[in-house]
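# Structure assessment
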Amino acid sequence: MLSVEEIKAELKALNAEYAKIKDIPAEDRKAFGQELNKKREALQAKLQKALDDAESENIEPIDITAPSAPNQNIPEIPRGSRHPLMTELDRVVDIYSRMGFDVMEAQQLDDEFHMFESLNFPEGHPARDGYDTFRTSEGFIPPAHTSTMQHRALKKYKKNLENGGKIAVVIPGRVFRNEDVDATHEHTFYQCEGIFVSKGTTMGQMMGLLKNFFETYYGQNLNIKTQPGYFPFTEPSVELLIEKPKSLGGKGDGWLEMLGCGMIHPNVLKMAGIDPNTYKGFAWGGGIDRLVMLKYGLTDVRNFESGKLEFLKEF
Ligand code: DAH
């Protein structure tokens, strides 16, 4: 096989041939030129291959059996780390699991029925517009909230009720909204949904459970309050707020809306085959991004999806 230097010399000689074109009779020039071009292309390909081969010859394989320095001769690529949202999502799910909740995973592509009908939004209901849903060209919906999983969870765990038990499940998931992005709004974010159904469920239990969740997550006592909300799938519906504690940069007078919740609407239970006269439930759903922003004093939600290493390295 020719060396790199030899191929380069051949290419140089070939280039000199091009000078002869002007001495060739006009009718033969085209064929002569084409022949030269062909040779040149072949030589260039050979040159590339020779250069590649020369390069790989210079790379020495690692010898992992070298006795002198066990392991130390294995080079290490700097490690990445988990995304802060995933670490925090695990903490959230862990708190609910310790309370006794099962965990179900949400899906990232859903349909009209689970996004709307199963949640008591009849067709043409104006609240459908409030969810700024994306749609694929096939008509699927990247879920705008984790509530799209409610119907599936109720059906899956219905047998617990029939066996005298309860439904207690949380469902973390990634959600998508077709809205303008700014420091507090993202098109892609995470939510965690929760569902609890049993015979004597009350709204007071819901408040107690959620207060306990937030206090455990932030590791301190917190004040909570509700304000009226509207969701077709709960009745009554409320929004839950927590008072921003001084330790998290609050002045003691700021309330932050953390999630939507309420008693599950009888129609939602009925659609899943659960008798609303016998069983009552509550459900809630809130953003994980917002929860984490408060914990770390972050001000721009866009950093989470940005892939910016400077941001991610802070965690
Ligand atoms: N899915 C609602 C949203 O994203 C939040 C929500 C409200 C979830 C009430 C619930 C609920 O489970 O009962 O705006």
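Values in this document were obtained by computation on a predicted structure and should not be read as measured data. (Residues numbered from 1 in each chain as written. Predicted model: local features only at pLDDT ≥ 70, side-chain atom pairs only at ≥ 80, totals over all residues.)

### Structural notes on the domain arrangement of the protein chain
- Entries for the protein chain in the domain assignment read domain 1 (4-57) and domain 2 (84-312).
- One C-alpha centre belongs to domain 1, the other to domain 2, and the line joining them spans 68 Å. (Domains from an automatic or database assignment.)

### With respect to the packing of helix H3 (residues 84-99) against helix H6 (residues 203-218)
- Interaxial distance between H3 and H6 falls to 10 Å at its minimum, and their mutual angle equals 130 degrees. Between H3 and H6, the angle is such that the two are oblique. Here H3 runs over H6; the crossing is right-handed. Contacts between H3 and H6 involve Arg 91, Val 92 and Ile 95 from the first element and Phe 213, Thr 216 and Tyr 217 from the second. (Axes fitted to C-alpha atoms, helices over the stretch in contact; angles between N-to-C directions. Helix = DSSP H or I, 4+ residues; strand = E, 2+ residues; numbered from the N terminus. Parallel < 35°, antiparallel > 145°, perpendicular 65-115°, else oblique. Left-handed = near helix turned anticlockwise from the far one by under 90°. Contact = placed C-beta atoms within 7 Å.)

### Considering the site of the ligand
- Around the ligand sit 13 residues, and of these His 145, Ser 147, Gly 260, Ala 283 and Gly 285 come closest.
- Elements represented by at least two residues in the shell around the ligand include exactly strand S5 (234-243), strand S6 (255-264) and strand S7 (280-287).
- Looking at the shell around the ligand residue by residue, the classes come out as 5 nonpolar, 7 polar and 1 charged. (Near = placed C-beta within 6 Å. Nonpolar A, V, L, I, M, F, W, Y, C, P; charged D, E, K, R; others polar.)

### A few points about the environment of Asp 63
- In this fold, Asp 63 is placed in the loop between helix H2 (26-57) and H3.
- C-alpha separation for the pair Asp 63 and Ile 77, spaced 14 residues apart in sequence, amounts to 17 Å.

### Remarks on the nonpolar core
- Leu 154, Ile 167, Val 169, Ile 195 and Cys 261 are the most contacted members of the largest nonpolar core, which has 49 residues in total.
- Among the elements that make up this core, the one with the highest residue count is strand S2 (residues 167-176) (6 residues). (Core = buried A, V, L, I, M, F, W, Y, C linked by C-beta atoms within 7 Å. Buried ≥ 20, exposed ≤ 12 C-beta atoms within 10 Å, placed from the backbone.)

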